[in-house]
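# Structural characterization, general
Below, each chain spelled out in residue letters.
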Amino acid sequence: MAVIESETIHNTRQAAFAMLESIVEFYDEMREKFTEKPTPTYDNLAGTYEELWCNYRNKVSVSIEQNDHSYAFHVAMGAQEFLDEMAETKGTKKLELMKHYDATHLPLFKDAFLCLMDEYLEEYTQVGRTVNRYDSFEALYAQFMQSHPTAIL
């Protein structure tokens with residue numbers, strides 16, 4: 001009713017924001033109450049640490065080395081989205097990367113990111129997973145082709 005009865009644009013915006021905020025809060029409460037939370041397992045975490053490593057670790061390092069604030073922020077947002085997705089779909093603990101992002105102290109952000117990677121690795125080891133590591137591209141390729149003999153590359 002506050003939105004309908006508001007007399008100024010400013011009051012309408014405030015009331016609309018309060019309404020949206022309450023809807024989001026209600027949604028979060030209902031979701032928490034009625035959805036079944038996944039649990040990390042050996043099978044559902046397969047490849048997720050390697051994906052975090054491949055997709056974000058080097059990008060974080062390069063963006064910091066180049067002091068590229070825009071690229072660092074973009075990579076940080078992508079990594080946070082990945083971590084959020086893993087928490088929601090795989091049941092890993094919620095890791096907050098973006099709270100460590102500070103464009104004026106990028107090396108500290110890199111350190112925080114590497115620490116979060118270690119925390120994620122703990123999730124991996126808790127379910128009995130070990131990280132797949134390859135000494136060369138050829139070793140990775142051979143493993144991939146053995147697992148996917150019909151793959152067209």
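One can find the structure itself at the top, above this paragraph.
Summarised in this report is the structure supplied together with it. (Residues numbered from 1 in each chain as written. Predicted model: local features only at pLDDT ≥ 70, side-chain atom pairs only at ≥ 80, totals over all residues. Heavy atoms only, no water.)

### Considerations on the nonpolar core
Worth spelling out the cut-off: Among the buried residues, those of types Ala, Val, Leu, Ile, Met, Phe, Trp, Tyr and Cys that are joined through side-chain atoms within 4.5 Å form a nonpolar core. A 1.4 Å probe rolled over the protein chains alone gives each residue an accessible area, and that area as a share of the maximum for its type sets the label: buried under 20%, exposed over 50%, partly exposed in between. Only DSSP runs of H or I covering at least 4 residues are called helices, and only runs of E covering at least 2 are called strands; the numbering of each starts at the N terminus. Note on definitions: a residue-residue contact is assigned when non-hydrogen atoms from the two residues lie within 4.5 Å.
The biggest cluster of nonpolar side chains holds 24 residues, and the ones touching the most others in it are Leu52, Tyr56, Leu83, Leu97, Phe109, Phe113 and Tyr120. If you list the elements that add at least two residues to this core, you get helix 3 (48-65), helix 4 (69-90) and helix 5 (106-126). If sequence neighbours within four positions are ignored, phenylalanine 113 has contacts with Leu52, Tyr56, Arg57, Val60, Ala79 and Leu97.

### Some remarks on the packing of aromatic side chains
So the rule is basically this: Put simply, two rings from Phe, Tyr or Trp (the six-membered ring, in Trp's case) pair if the centres are within 6.5 Å, and we call them stacked under 30 degrees between planes, edge-to-face over 60, tilted for the rest. The rule for a charge over a ring is simple: NZ of Lys or CZ of Arg within 6 Å of the ring centre, and within 35 degrees of the ring normal.
Summed over the entire model, instances satisfying the criterion amount to 6 aromatic pairs. The interplanar angle of 45° and the centroid separation of 6.4 Å between the aromatic rings of tyrosine 49 and tryptophan 53 together place this pair among those described as tilted. Within this pair, tyrosine 49 and its partner tryptophan 53 are both found in helix 3, separated by 4 residues, close to a single helical turn. Clustering of aromatic rings is evident, with ring pairs tying together Tyr49, Trp53 and Tyr124. Lying across the ring of tyrosine 42, arginine 129 places its NZ or CZ 3.8 Å from the centre.

### Quick notes on a nonpolar patch on the surface
The following threshold applies: Each patch is built from residues lacking any salt bridge and having more than 30% relative accessible area; the joining distance is 9 Å for like charges and 5 Å for nonpolar side chains (Val, Leu, Ile, Met, Phe, Trp, Tyr). Calculation of accessible area relied on Shrake-Rupley with a 1.4 Å probe; when residues are assessed, cover is drawn exclusively from the protein chains displayed. By definition here, a salt bridge exists when the distance from a side-chain nitrogen of Lys or Arg to a carboxyl oxygen of Asp or Glu is within 4 Å.
Together, Tyr134, Phe137, Leu140 and Tyr141 give the surface a local cluster of nonpolar side chains, amounting to about 410 Å² of exposed area. Overall, the relative accessible area of 36% leaves tyrosine 134 in the partly exposed class.

### Digging into the side chain of glutamate 123
Heads up, the condition is: In this tally Asp and Glu are treated as negative and Lys and Arg as positive; neither His nor the chain ends contributes.
Checked against the element boundaries, glutamate 123 lands in helix 5. The side chain of glutamate 123 is buried and forms no salt bridge, while lysine 93, the nearest opposite charge, is found at 5.1 Å. The contact partners of glutamate 123, leaving out residues within four places of it in the chain, are Pro40, Leu45, Thr92 and Lys93.

### As for the pattern of salt bridges
This structure, assessed with the given rule, holds 5 salt bridges. Taking the shortest distance from any N to any O, the salt bridge between lysine 37 and glutamate 32 comes out at 3.1 Å. When the shortest N-O distance is used, the salt bridge between glutamate 96 and lysine 94 registers 3.5 Å. Judged by its relative accessible area of 36%, glutamate 96 is partly exposed. When its relative accessible area of 48% is taken as the criterion, lysine 94 is described as partly exposed.

### Considering a negative patch on the surface
Short version of the rule: Charge positions come from single atoms, namely NZ of Lys, CZ of Arg, CG of Asp or CD of Glu.
A contiguous patch of negative charge, built from Glu21, Glu25, Asp28 and Glu29, is present on the exposed surface. Among the secondary structure elements, glutamate 25 is positioned in helix 2 (residues 9-34).

### Focus: the environment of leucine 108
The topology assignment puts leucine 108 in helix 5. Sequence spacing of leucine 108 and valine 62 is 46 residues, and the spatial spacing of their C-alpha atoms is 14 Å.

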